[in-house]
Amino acid sequence: MNRRHFLGSAALMAAASTVPFALGTTATAATPRPRLLPPALNPGDTVALVSPSGATDEPFDLQLAQEAMEALGLKVKVAPHLASRYGHLAGSDAERAGDLNAMFADREVKAIVCARGGSGAARLLPLLDYATIRRHPKILLGYSDITALHNALLSQAGLVSFHGPIGIGSWNTFNADQFRRVFFQREQMQYANSTDKGDELVQRRNRTVTITGGKAQGELVGGNLTVLTALAGSPYLPDFSGKILFLEDVSEAPYRIDRMLSTLRLMGALDKVKGVIFGECTECDPGGGYGSLTLPQIFDDYFKPLKIPAYRGAMIGHIRQQFIVPVGGKVEMDADAGTFRMLEPVFAR
């Protein structure tokens, strides 16, 4: 499986001549920004499709992404470099950052949907115009490699963004329903896994497992574990103090999950959080012929000593049906029930 599958260079000055692009808005590790909520989205609004990470090898997928947004009742503006390619990336760093900056500045655009993940979003973080983003906050939706953007927007602009389906992903009934409930109906969501057993006598899919029971409240931070830990030591990670950490990953051997959780522990992040929600680790199987710790053993090693509520199996990650969750939104989790819920609105009034 291609790593995070679900998921002509231009000079900086050339990009600056065509799109809003700020070289003077470098991120700093200053005091955390006040939380900033994006305006709500309504049917008939315009959303932008952008490609901040990997290139799309099947152009028809981009057409399907546009059709899916239109089927949800939205108008679509295509970013200039949506279908570009620079190696494995969807255009040069300047082009991709320029598209994001331009779509945040565009008053017609009410939300930004990332076409796919892949790799490369972290390269854009020093190039984003956070001052413009703070002046024109709006919804940003995506997952996997888009974790880099979620964390940068939260740490540098205070902006709440949304971890959920990408444009070229599956817009099945569950995902479309999540989209409407979160964005159109502004529902304060209760995130409980689907209880559909299919043709099984007992439910096997989408089961949650309690690691440590209890309830906890805090703002959600996290995303893809690989992308999150790659930001370690940078100013683009938000403060973990008092937060609920949510994680997911794909195609990582257990020893690599162990290594990345070790990074979070060594940097002090795990000691600061009030609760942990681990979604799916899709295709995270041991290989190579040597013995391996299992994922449940690894989760127990890192999360149980924290003595905070923790559970695994939430419908978050590289799976067909996935929750749309607010990064930076305040939630309450119940590790015994395997659920969490929004405590406050996540859109500006």
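Just above, that's the structure.
Bear in mind the structure is a predicted one, so any value in this text is a computation, not a measurement. (Residues numbered from 1 in each chain as written. Predicted model: local features only at pLDDT ≥ 70, side-chain atom pairs only at ≥ 80, totals over all residues. Heavy atoms only, no water.)

Caption draft 1: The arrangement of the overall build of the protein chain in detail. Each helix and strand in the protein chain was counted, giving 10 helices and 14 strands. Across the 349 residues in the protein chain, those meeting the buried criterion constitute 57%. Per element, the accessible surface of the protein chain, about 14300 Å² overall, is 49% carbon and sulfur. (Helix = DSSP H or I, 4+ residues; strand = E, 2+ residues; numbered from the N terminus. Buried < 20%, exposed > 50% of the residue type's maximum accessible area, 1.4 Å probe, protein only. Areas by Shrake-Rupley, 256 points an atom, 1.4 Å probe, with all protein chains shown as cover.)

Caption draft 2: Looking closely at the packing of helix α8 (residues 254-266) against helix α10 (residues 295-303). The geometry of α8 relative to α10 is characterised by a closest axis approach of 10 Å and an angle of 10° between their N-to-C directions. What the angle tells us is that α8 and α10 run roughly parallel. On α10, the residues touching P254, I257, D258, L261, S262 and R265 of α8 are L295, I298, F299, D301, Y302 and F303. (Axes fitted to C-alpha atoms, helices over the stretch in contact; angles between N-to-C directions. Parallel < 35°, antiparallel > 145°, perpendicular 65-115°, else oblique. Contact = heavy atoms within 4.5 Å.)

Caption draft 3: Representation of the pattern of salt bridges in the model. By the definition in use, this model includes 10 salt bridges. Between R96 and D93 there is a salt bridge, and its shortest N-O distance comes to 2.3 Å. Of the two residues, R96 and D93 both sit in helix α3 (residues 93-105), three residues apart, roughly one turn of that helix. Per residue, the accessibility class of R96 equals that of D93, and both read buried. (Salt bridge = Lys/Arg side-chain N within 4 Å of Asp/Glu carboxyl O.)

Caption draft 4: Examining the sheet that holds strand β12 (residues 325-327) more closely. One open sheet holds the six strands; their spatial order is β2-β1-β3-β4-β5-β12, and the pairing between them is mixed. The sheet terminates laterally at β2 (75-78) and β12, the two strands that pair on one side only. Here the strands of the sheet are splayed against their neighbours by 30° on average, with no regard to which way each runs. Across five bridges, the pairing between strand β1 (residues 46-50) and strand β3 (residues 109-114) is parallel. If you follow V47 over to β3, its bridge partner there is A111. Contacting β1, β2, β3 and β4 (139-142), α3 crosses the sheet at an angle of about 150° to β3. (Pairing = 2+ DSSP bridges.)

Caption draft 5: Main features of α3. With 13 residues, α3 extends 18 Å from end C-alpha to end C-alpha; this agrees with the ideal 18 Å at 1.5 Å per step. Here α3 lies mainly inside the structure; 12 of its 13 residues are buried. By the burial criterion, the buried members of α3 are D93, A94, E95, R96, A97, G98, D99, L100, N101, A102, M103 and F104. (Expected span 1.5 Å × (residues − 1).)

Caption draft 6: Quick peek at the packing of aromatic side chains. Counted by the stated rule, this structure contains 12 aromatic pairs. Each ring, one from Y191 and one from F340, has its centre 4.5 Å from the other, and the planes form 20°; the classification is stacked. A residue pair is termed long-range when its members are at least 10 positions apart, and Y191 in strand β6 (residues 190-192) and F340 in strand β14 (residues 339-342) qualify at 149 residues. Assessed through its relative accessible area of 1%, F340 is described here as buried. Chaining the aromatic ring pairs together yields one cluster made of F162, W171, F179, F183, F184 and F347. (Phe/Tyr/Trp six-rings, centres within 6.5 Å; stacked < 30°, edge-to-face > 60°.)

Caption draft 7: Examining unusual backbone geometry more closely. Not every positive phi belongs to a glycine, and S144 is a case in point at roughly 65°. Inspection of the secondary structure puts S144 in the loop between β4 and α5 (147-157).

Caption draft 8: Geometry of the pairing of strand β8 (residues 215-224). Among the 10 residues of β8, seven are classified as buried, and the element is accordingly described as predominantly covered. Pairing between β8 and strand β13 (residues 330-334): five bridges, direction antiparallel. Bridge pairing in β13 links E219 to K330.

Caption draft 9: Region of the structure containing the sheet that holds β14. Spatially, eight strands are ordered β6-β14-β13-β8-β9-β10-β11-β7 in an open sheet, and the strand pairing comes out mixed. Each having just a single partner strand, β6 and β7 (209-212) make up the two edges of the open sheet. Going from strand to strand, the sheet's axes swing by 30° on average, the running direction of each strand aside. Examined bridge by bridge, strand β10 (residues 275-282) and strand β11 (residues 310-312) share three bridges and lie parallel to one another. The residue of β11 that forms the bridge with V276 is A310. Across the sheet, α8 touches β9 (244-250) and β10, and the angle it forms with β9 is around 155°.

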